[in-house]
Amino acid sequence: MSHAATVLTAYHHTMSHNAGLIPLVWALGASLKLDIGYYPHLVLQGPSGSGKSTLLHGLRATIPFNVFGRDCLDTERDRAITLSQSDDPVAWKGLGDLPGDETDRAIELLYD
C-alpha cells in the first residue's frame, strides 16, 4: 500500500490543481472498460510545451496504458486497430487536430 501512496503523491505534486493526478485516476477507472462497456474518454488539452506528452508517457510507465501517435489516426481503420490491440486505456495524441466530424467518429469508436 505504501507504494500506491508514493505514486499518488508523486502524481499529485507533478502539476498544479491535481492536473497530474486526474489522468492517473481516469486511467485506472478506464481499466473497467469491460465492466462498463466502453472506454471513458478524457480530453487533455494545453499549449505546446505544457507537459501533455510527458504526462502521458509517465502514465505509460506507471500503469498499462497505450499512447498512439498522430499516424494512428489517419483512417477509421487505423483508429479501430489501435483500440482492438489492447484492453488497456488508449491515448491518441493529435486527436484534436482532426476535422470535427473525424473527431466525432473517432470518439464514437470508444463506445463500440
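Residues numbered from 1 in each chain as written. Predicted model: local features only at pLDDT ≥ 70, side-chain atom pairs only at ≥ 80, totals over all residues. Heavy atoms only, no water.

Okay, helix α4 (residues 52-62) next. The periodicity of an α-helix, 3.6 residues per turn, causes residues three or four places apart in sequence to face the same way. By the burial criterion, the buried members of α4 are Leu55, Leu56 and Leu59. The buried side chains of α4 occupy one side of the element, clustering within an arc of 100 degrees when seen end-on. Across from the buried face of α4, at angles greater than 90 degrees, the exposed residues are Thr54 and Ala61. On its buried face, α4 sits against α1 (2-14), α2 (21-30), β1 (66-68) and β2 (90-92). (Buried < 20%, exposed > 50% of the residue type's maximum accessible area, 1.4 Å probe, protein only. Helix = DSSP H or I, 4+ residues; strand = E, 2+ residues; numbered from the N terminus. Arc of directions from axis to C-beta. Contact = heavy atoms within 4.5 Å.)

Moving on: the confidence of the model for the protein chain. Across the protein chain, the average pLDDT comes to 79, with 92% of residues at or above 70. Per-residue pLDDT, averaged within each element of the protein chain, yields its smallest value for helix α3 (residues 33-36) (72) and its largest for α4 (85). (pLDDT = per-residue confidence, 0-100.)

Pairing of side chains with opposite charge becomes possible as their charged atoms draw close. Under the criterion given, the structure shown has 4 salt bridges. A salt bridge links Arg105 to Glu76; the shortest N-O distance between them is 3.5 Å. Taken together, the positions of Arg105 in helix α6 (residues 100-111) and Glu76 in helix α5 (residues 76-84) put the pair 29 residues apart, joining distant regions of the chain. As a salt-bridge pair, Glu102 and Arg79 come within 2.8 Å of each other at their nearest N and O atoms. Of this pair, Glu102 sits in helix α6 while Arg79 sits in helix α5, placing them 23 residues apart in sequence. You can call Glu102 buried: its relative accessible area is 18%. Each of Glu76, Arg79, Asp101, Glu102 and Arg105 takes part in a single network of salt bridges with overlapping partners. (Salt bridge = Lys/Arg side-chain N within 4 Å of Asp/Glu carboxyl O.)

Core analysis: the biggest nonpolar cluster contains 13 residues, and Tyr11, Leu24, Leu56, Leu59 and Phe65 have the highest contact counts within it. Among the elements of the structure, α2 and α4 are those that each provide at least two residues to this core. Among the elements that make up this core, the one with the highest residue count is α2 (5 residues). Sequence-distant contacts of Phe65, that is, excluding residues within four places in its chain, are made with Trp26, Ala27, Leu56, Leu59, Arg60, Asp88, Pro89 and Ala91. (Core = buried A, V, L, I, M, F, W, Y, C linked by side-chain atoms within 4.5 Å.)

Attention now goes to unusual backbone geometry. We note that His17 has phi near 55 degrees; this positive angle belongs to a residue other than glycine. If you trace the backbone, His17 turns up in the loop between α1 and α2. Here Asn18, not a glycine, exhibits a phi torsion of approximately 60 degrees, which is positive. Among the structural elements, Asn18 can be located in the loop between α1 and α2. Residue classification places Asn18 among the partly exposed positions, given a relative accessible area of 29%.

This part takes up the side chain of Arg79. Here Arg79 falls in the buried class, since its relative accessible area comes to 1%. Residues within four places of Arg79 in sequence aside, it is in contact with Cys72, Leu73, Trp92, Leu98, Glu102, Ala106 and Leu109.

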